[in-house]
Each structure stands twice: as C-alpha cells, then as structure tokens.
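Overview (structure and organization)
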Amino acid sequence: EGEFYWADLIGLEVVNGEGHRFGRVARMIETGAHDVLVVQDGERETLIPFVADAIREVSVRDGVIRVEWGEDY
C-alpha cells in the first residue's frame with residue numbers, strides 16, 4: 001500500500017483540490033532527492049514532485065492522482 005510502479009502512474013489524470021486538471025502523467029523523472037511526475041496537457045508540461053506534501057491520493061483504479069499543487073506553479 002502506498003507504493004506504485006511508475007508504469008501504473010503513466011496515463012493517470014492529475015487534479016488538484018480546486019478541480020484544476022493538469023493533464024495526464026506522461027512520464028516520471030528520477031532526480032535523486034525524489035521522483036517527479038511529468039504531466040502533459042497538450043503543449044503545457046507541469047512537473048510535480050512525487051512526495052507526500054504534494055500528492056494527496058493515487059487511485060490507479062479510478063485513473064486519477066489528486067495533488068496539493070496550485071495551477072500557477
């Protein structure tokens with residue numbers, strides 16, 4: 001529980017608490033300090049650290065990752 005294969009996260013939709021949809025996870029980056037979600041919505045790309053402070057819920061079954069992340073990051 002609470003652990004995921006990167007392959008399980010690819011394609012999941014990323015949404016924050018205000019309902020802003022960032023797009024879908026295109027890939028993951030390993031930075032050494034922590035992993036990072038690379039979320040794409042058309043031409044726009046958003047990088048979100050895959051850490052407890054930013055990730056609120058991952059539901060592979062529902063196809064969504066809920067984040068604590070503002071749309072202006």
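See the structure printed just above.
The structure contained in this document is the topic of the report that follows.

Cut-offs applied
- Residues numbered from 1 in each chain as written.
- Predicted model: local features only at pLDDT ≥ 70, side-chain atom pairs only at ≥ 80, totals over all residues.
- Heavy atoms only, no water.
- Helix = DSSP H or I, 4+ residues; strand = E, 2+ residues; numbered from the N terminus.
- Polar contact = N/O pair within 3.5 Å; in protein donor to acceptor, adjacent residues only side chain to side chain.
- Contact = heavy atoms within 4.5 Å.
- Buried < 20%, exposed > 50% of the residue type's maximum accessible area, 1.4 Å probe, protein only.

Below, the discussion takes up the side chain of Asn16. Of note, Asn16 is situated in strand E1 (residues 13–16). In this structure the side chain of Asn16 is engaged in a polar contact, spanning 3.0 Å, whose partner is the backbone nitrogen of Glu18. Among residues more than four places away in sequence, those in contact with Asn16 are Phe22, Val67, Trp69, Gly70 and Glu71.

By the secondary structure assignment, Leu12 is in the loop between helix H1 (6–9) and E1. A residue is classified by how much of its surface remains accessible, and Leu12, at 6% relative accessible area, is buried. Between the C-alpha atom of Leu12 and that of Val64, which follows or precedes it by 52 residues, the distance is 5.1 Å. Leu12 has contacts with Gly23, Arg24, Val25, Val58, Ser59, Val60, Gly63, Val64 and Ile65, leaving out every residue within four places of it along the chain.

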